[in-house]
Structures are given as structure tokens and as C-alpha cells.
Amino acid sequence: MKRFALSRTGIAVAASALSLALATGCSDSGTGDGDKAAGSDKGTTAAKALSATELKSRIVATGDVDGYKVGAADQTAGFASSKDDVTVVDEKCEPLAYVLTGFAPGDSAAFVNRMVSEQAASPSASSTKSLEDMTDKEFEEAMKNITGALGQTVTIVSLSSYEGEGAQKTMSSVSDAIKGCASGFTATPKGGAKDDTEKFTKVEAEKASGTGDESLAFAVTGDADGDDVVVHCEVVRHGSTVATYYAFSLAAFSGEGGAGDYEIPAEIIKAQAAKLA
């Protein structure tokens, strides 16, 4: 979890980081994670996994949530390019690490994800100018726009489908991980350097939305250059499909405060639940 500073000399770097976080990315996830197991859906009937194509048609899209835009989850800016690249010291904590990297928490048959962010205000004419050409007033306006963007919460939504009892087993593994990894865990991209290791110091259960057939919510505290940053997650089962939500505050990552004083936007969860009903 790296932070960036907001200063006049660093504003271009901040703007680039925001553009990367808030714009649609280059990755259009839709790969399967393998064929898996037998069982029941909603505890009664045999579950059939949805295909990647079906998941793509059911994941939230721009227009489904008022005031938000939806784009591809940009893996080039992420912690890893696939869940196979994530190494977790304690195996039982793997489902949490997968949620935090926007991947399927279990061994799924198909998977897609998206980035959901608030619609940005229309840019002013001065926003197209270079820093050198801005007047002091235009620079102050640009700073306000960036600071306002930093107050936004970005949510990574993923859908994964499972055969048989795979979805129920995935929920159980997440529940066990929330309890068993309370003191935190570490995760490193395979082949990554020591500096690439993400350190999570605490996992706490939170109140879930109650949508779907089962729902679990938790907060994870991470170490961001010596400061605590909190991210919020929810995992919801809709029959044989599991939806995950991973929300983070851009203000927290920028060092502008608000380490944990935010939550997953309820309207995003509601919209996604409606598309899976």
C-alpha cells in the first residue's frame, strides 16, 4: 500500500495516480479458475456454475448505479495479475487475500471483476492546461478537484461461480479466515521482492448487508508506510455465485486522512444483488 504526496511539485504524479484509479483499466477479466465440486444450491438443488459470459452480463455496469461509473479492474495497477501470483504465508488466510486483490475467494469455475467509482465532475477548462501555464487561481482549482477526488471510495466488485457446493464451501472458508486471521497476515506476489510484501495487521468482522443467501463482511487494517489504513470487504452468496466487494478510500491511501471512516456504498451492493436475483 503505497502513498503519494499532494504538493505543487507532485501534483502531476497525484493526478496520474487518480486517473489510473478512476479510469477504466486495460484488463477485462473473464477467465475461469478450474472445474470444481458437487453439491447443492441454496441447500436443496444441485448447483450449476454460470459461465464467464453469463457472469459478464450480470455484473454491475455503468447505468446500474446512479452516480457511479463502472470499468475494468485494472490489473496493471494491482497487487498481482492473477490469484496464482499471490503467496500467503498462512494458507487459511488466502480467501481474504484473494478478496483484497479483487479475485475469486474460492476455486471457481468462472470469474469476472469490475472497478466501480463515483462519476467525476466535468473537468474545467483549466484542467487541460499544463502546470506551468496555470495561474495561481487555476492551480488552486486543480488542487480542489484532486482533493475532492481523493475523498471518493473505489469499490472492486467480483463475481465467481461454482459447481455443486463450491459456493457454500467458499463462504465457509471466508468465515473461517475472518476468525482465524484476526491478528493479520502477509501476502507477496510470487517472485516479488521483499518490498512488495503487503502486511495486514488486523482482520475484524463487520455487519454484513444481509443480501443474498449468505453474507459476510470484514475490515482489514494494513500497514501503509508506517500508517494504518483500513479497507472494507463483503462476500455474498447468491445461489452458486459469490459476489465480493472490496472498497478503499483514496484519501486514506494518499495520506489525507480518513483511515477507516467510510464503508462499501450500499447502493452498489443493492444494484449487484438485483442483477443476480
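Residues numbered from 1 in each chain as written. Predicted model: local features only at pLDDT ≥ 70, side-chain atom pairs only at ≥ 80, totals over all residues. Heavy atoms only, no water.

Let's shift gears to the side chain of serine 108. Tracing the sequence through the fold places serine 108 in the loop between α3 (94-100) and β3 (110-118). Engagement of the side chain of serine 108 in a polar contact is seen with the backbone oxygen of alanine 110, the distance being 3.4 Å. (Helix = DSSP H or I, 4+ residues; strand = E, 2+ residues; numbered from the N terminus. Polar contact = N/O pair within 3.5 Å; in protein donor to acceptor, adjacent residues only side chain to side chain.)

So, about the state of the cysteines. Scanning the entire structure with this criterion turns up one disulfide. Disulfide pairing places cysteine 93 opposite cysteine 181 at an S-S distance of 2.0 Å. A torsion of -110° about the S-S bond marks the disulfide between cysteine 93 and cysteine 181 as left-handed. With cysteine 93 in the loop between β2 (86-88) and α3 and cysteine 181 in the loop between α5 (166-180) and β5 (185-189), this residue pair connects regions lying 88 residues apart in the sequence. In this pair, the class of cysteine 93 matches that of cysteine 181, namely buried. (Disulfide = S-S within 2.5 Å. Buried < 20%, exposed > 50% of the residue type's maximum accessible area, 1.4 Å probe, protein only.)

Moving on: the confidence of the model for the chain. Low pLDDT marks regions whose predicted coordinates should not be analysed in detail. When pLDDT is averaged along the chain, the result is 75; 64% of the residues meet or exceed 70. Every residue in residues 75-79 scores below 50 in pLDDT, and together they form 15 contacts with partners more than four places removed in sequence or on other chains. (pLDDT = per-residue confidence, 0-100. Contact = heavy atoms within 4.5 Å.)

Counting 56 residues, the largest nonpolar core has Leu96, Leu100, Phe185, Val203, Phe218 and Tyr245 as the members making the most contacts within it. The contact partners of phenylalanine 218, leaving out residues within four places of it in the chain, are Leu96, Val99, Val174, Ile178, Val203, Glu204, Ala205, Glu206, Val231, His232, Cys233 and Val235. (Core = buried A, V, L, I, M, F, W, Y, C linked by side-chain atoms within 4.5 Å.)

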